[in-house]
Amino acid sequence: MINENHLKFKDRLLLSTQKALLGMIYPDIRAVSVGHEGIEKLKIIIYLDREPDEDDFEVVSDVAGEICSDIPFRNVEEVCEFSAEPIPSLDKLASWVYMRKES
């Protein structure tokens, strides 16, 4: 049975993440996933279609910072990585918050 408080927290996290992503998505981003361990840890992964550079790491950091301004996570893990794997085979953590259409 799913805890109602867990659902409310997950909804809050997803809304916060989508708000944080406004204006931050660019063509090289394939997908974004987010997960959490309660308030203890936030994990966000941005999957790219090329190797990440300094600007990509700054974007994931900015997005995580925006989320943490809504929800005060104690720890944050920010991941920005290249993957050519099909999106369904990537780690979606708790949920996908963005997924580019691919053939």
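Look up a bit, the structure's there.
Quick summary incoming for the structure in this document.

Procedures and definitions
Residues numbered from 1 in each chain as written. Predicted model: local features only at pLDDT ≥ 70, side-chain atom pairs only at ≥ 80, totals over all residues. Heavy atoms only, no water. Core = buried A, V, L, I, M, F, W, Y, C linked by side-chain atoms within 4.5 Å. Buried < 20%, exposed > 50% of the residue type's maximum accessible area, 1.4 Å probe, protein only. Helix = DSSP H or I, 4+ residues; strand = E, 2+ residues; numbered from the N terminus. Patch = residues over 30% accessible without salt bridge, like charges linked within 9 Å, V, L, I, M, F, W, Y side chains within 5 Å. Areas by Shrake-Rupley, 256 points an atom, 1.4 Å probe, with all protein chains shown as cover. Salt bridge = Lys/Arg side-chain N within 4 Å of Asp/Glu carboxyl O. Lys, Arg positive; Asp, Glu negative; His and termini not counted. Charge placed at Lys NZ, Arg CZ, Asp CG, Glu CD.

Some details on the nonpolar core
One finds L13, V32, I44, I46, V63, I67 and F73 to be the most contacted residues of the largest nonpolar core, which totals 20 residues. Contributing elements (two or more residues each) for this core: helix 1 (4-21), strand 1 (29-37), strand 2 (41-48) and helix 2 (54-70). The greatest single-element share of this core, amounting to five residues, is contributed by helix 2. Listed in part, the six residues of the second largest apolar core include Y47, V79, I87 and L90.

Points about a negative patch on the surface
Taken together, D53, E54, D55, E58, D62, E66 and E78 make up a surface patch of like negative charges. If you trace the backbone, E78 turns up in strand 3 (residues 75-82).

Details of the pattern of salt bridges
Counted under the stated rule, the structure contains nine salt bridges. D70 is the partner of K19 in a salt bridge, and the nearest nitrogen-oxygen pair spans 3.0 Å. Separated by 51 residues along the polypeptide, K19 in helix 1 and D70 in helix 2 bring together distant segments of the chain. Assessed through its relative accessible area of 29%, D70 is described here as partly exposed. Put simply, R50 and D28 hold a salt bridge, and the shortest N to O gap is 2.8 Å. Of this pair, R50 sits in the loop between strand 2 and helix 2 while D28 sits in the loop between helix 1 and strand 1; the two residues are 22 residues apart in sequence, bridging distant segments of the chain.

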